[in-house]
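Commentary on secondary and tertiary structure
Here are the chains, one letter per residue:
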Amino acid sequence: MDERILTSADGAILYDPRILNHFDPSRLQADGWPVLSAAPDTAGRGEVRFVEGDEGRFVLRHYHRGGLVGRVLDDQFLWRGASATRPFREFRLLARLAEMGLPVPEPAAAGYRRRGLIYRADLLTRRLEGVRSLAGVLGDRPLAPGEWERIGATIRRFHDAGVCHADLNAHNIQLGANGEVWLLDFDRGRLRPPGSWRRGNVDRLRRSLDKLAGTGGGLHFEETDWQSLLSGYGDR
């Protein structure tokens, strides 16, 4: 990956010049794009928008905190240096995973704006065309056993590469029209040696599916589906 850094009085932007040759800092703001729309099928931390311009079609995410802390600090994070910021870490992880041939969105730019010990942040990635979240698809129809097996096999590919996804859930798994499986949102993700975290990742996904199925929304998810996913994943 080729990366460039633009610095300013209050922050910095990391970008890939192969994707954005002459980067305009306004592209990390929602109102910096001529075409802007809400991103469907998303949930969790972060404000996600679809954006479009001469450079192509992208997904812009403004980082927000989750949980009880998020109710107080919202989109504010503690400054620990540029390399430790959420967007720079996620950008570089995504770039590495893409180079490894794993199905992730390609990072285009990441930036932060700092004020004292607090910073706010944004990430821009290439838009995956023709995909829907696993949660969204299951709201409409059941998946065939082979589809569940592909999801399990994809998760296993990431785990075999040492990739720990910090929030593996039914919204962060995206399904393509031709059977492709993608993983999104690697905020706080990292590379780790083999360990119990693999089971923790898989169990987190199961809790996500059980939670969605228990909301009464008619989610098409059965125990046999889960067994098909585990079959595709293989030994744990």
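Each remark here, short or long, concerns the structure printed above.
Read on for an overview of the structure. (Residues numbered from 1 in each chain as written. Predicted model: local features only at pLDDT ≥ 70, side-chain atom pairs only at ≥ 80, totals over all residues. Heavy atoms only, no water.)

A word on the overall build of the protein
The secondary structure content of the protein amounts to six helices and 13 strands. Relative to a compact globule of 236 residues, whose C-alpha radius of gyration would be 18 Å, the protein shows 18 Å and is just as compact. By principal-axis analysis of the C-alpha atoms, the protein measures approximately 55 × 35 × 35 Å. Taken across its 236 residues, the protein has 45% of its residues classed as buried. (Helix = DSSP H or I, 4+ residues; strand = E, 2+ residues; numbered from the N terminus. Rg over C-alpha atoms; globule rule 2.2 N^0.38 Å. Buried < 20%, exposed > 50% of the residue type's maximum accessible area, 1.4 Å probe, protein only.)

Things to note about helix H5 (residues 197–213)
With 17 residues, H5 extends 24 Å between its outermost C-alpha atoms, agreeing within 8% with the 24 Å of an ideal straight helix rising 1.5 Å per residue. Among the residues of H5, Trp 197, Arg 198, Asn 201, Val 202, Leu 205, Arg 206, Ser 208 and Leu 209 are the ones counted as buried. In this structure, the buried residues of H5 make contact with helix H3 (134–140), helix H4 (145–160), strand S10 (163–164), strand S11 (173–176) and helix H6 (223–233). (Expected span 1.5 Å × (residues − 1). Contact = heavy atoms within 4.5 Å.)

A short note on the nonpolar core
In terms of nonpolar packing, the biggest core is built from 43 residues, with Leu 134, Trp 148, Ile 151, Ile 173, Phe 186 and Leu 209 touching the most fellow members. When sequence neighbours within four positions are dropped, the list of residues in contact with Ile 173 reads Arg 132, Ser 133, Leu 134, Ile 151, Ile 155, Leu 168, Val 181, Trp 182, Leu 183 and Leu 205. Counting residues in hydrophobic clusters, the runner-up holds 13 residues, among them Leu 20, Phe 23, Val 51 and Ala 109. (Core = buried A, V, L, I, M, F, W, Y, C linked by side-chain atoms within 4.5 Å.)

What about the sheet that holds strand S9 (residues 131–133)?
Taken together, the three strands give an open sheet; going across it, the order is S9-S11-S12, and neighbouring strands pair in antiparallel fashion. The open sheet has two free edges, formed respectively by S9 and strand S12 (181–183), since each of these has just one partner strand. Direction aside, neighbouring strands of the sheet carry axes that sit 30 degrees apart on average. Sheet topology places S9 next to S11; three bridges connect them, and they run antiparallel. By the bridge assignment, Arg 132 is partnered in S11 with Leu 175. Seen against the sheet, H4 touches S11 and S12 and runs at an angle of roughly 45 degrees to S12. (Pairing = 2+ DSSP bridges. Axes fitted to C-alpha atoms, helices over the stretch in contact; angles between N-to-C directions.)

Regarding the packing of H4 against H6
For the pair H4 and H6, interaxial distance at closest approach is 6 Å and the crossing angle is 45 degrees. The orientation of H4 with respect to H6, classified from their angle, is oblique. For the pair H4 and H6, the sense of crossing is right-handed. Contacts between H4 and H6 involve Pro 145, Trp 148, Glu 149, Ile 151, Gly 152, Ala 153, Ile 155, Arg 156 and His 159 from the first element and Asp 225, Ser 228, Leu 229, Ser 231, Gly 232 and Tyr 233 from the second. Counted by class, the contact of H4 with H6 contains seven nonpolar, five polar and three charged residues. (Parallel < 35°, antiparallel > 145°, perpendicular 65-115°, else oblique. Left-handed = near helix turned anticlockwise from the far one by under 90°. Nonpolar A, V, L, I, M, F, W, Y, C, P; charged D, E, K, R; others polar.)

Observations regarding the packing of aromatic side chains
Evaluation of the coordinates by the stated rule reveals nine aromatic pairs. Ring plane angle 65 degrees and centroid distance 5.5 Å describe the contact between Phe 88 and Tyr 112, whose orientation is recorded as edge-to-face. Of the two residues, Phe 88 is situated in helix H2 (residues 86–99) and Tyr 112 in strand S7 (residues 107–115); the sequence distance between them amounts to 24 residues. Judged by its relative accessible area of 2%, Phe 88 falls in the buried class. Ring geometry for Tyr 112 versus Tyr 119: centroids 6.4 Å apart, planes at 75 degrees, classification edge-to-face. The burial state of Tyr 112 is the same as that of Tyr 119; both residues are buried. (Phe/Tyr/Trp six-rings, centres within 6.5 Å; stacked < 30°, edge-to-face > 60°.)

Some details on the pattern of salt bridges
The final tally for this structure, using the stated rule, is 22 salt bridges. The partner of Arg 18 in a salt bridge is Asp 16, and the shortest N-O contact between them spans 2.7 Å. Close ionic contact of Arg 61 with Glu 90 constitutes a salt bridge, the shortest N to O distance being 2.5 Å. Note that Arg 61 is positioned in strand S5 (residues 56–62) and Glu 90 in helix H2, a separation of 29 residues in sequence. Judged by its relative accessible area of 2%, Glu 90 falls in the buried class. (Salt bridge = Lys/Arg side-chain N within 4 Å of Asp/Glu carboxyl O.)

Some points on the environment of Tyr 233
By the element assignment, Tyr 233 lies in helix H6. Given a relative accessible area of 4%, Tyr 233 falls into the buried group. For Tyr 233 and Glu 106, which are 127 residues apart along the polypeptide, the C-alpha to C-alpha distance reads 24 Å. Each residue touching Tyr 233, except ones within four places of it in the same chain, is listed here: Gly 152, Ala 153, Ile 155, Arg 156, His 159, Arg 198 and Val 202. In this structure the side chain of Tyr 233 is engaged in a polar contact, spanning 2.7 Å, whose partner is the side chain of His 159. (Polar contact = N/O pair within 3.5 Å; in protein donor to acceptor, adjacent residues only side chain to side chain.)

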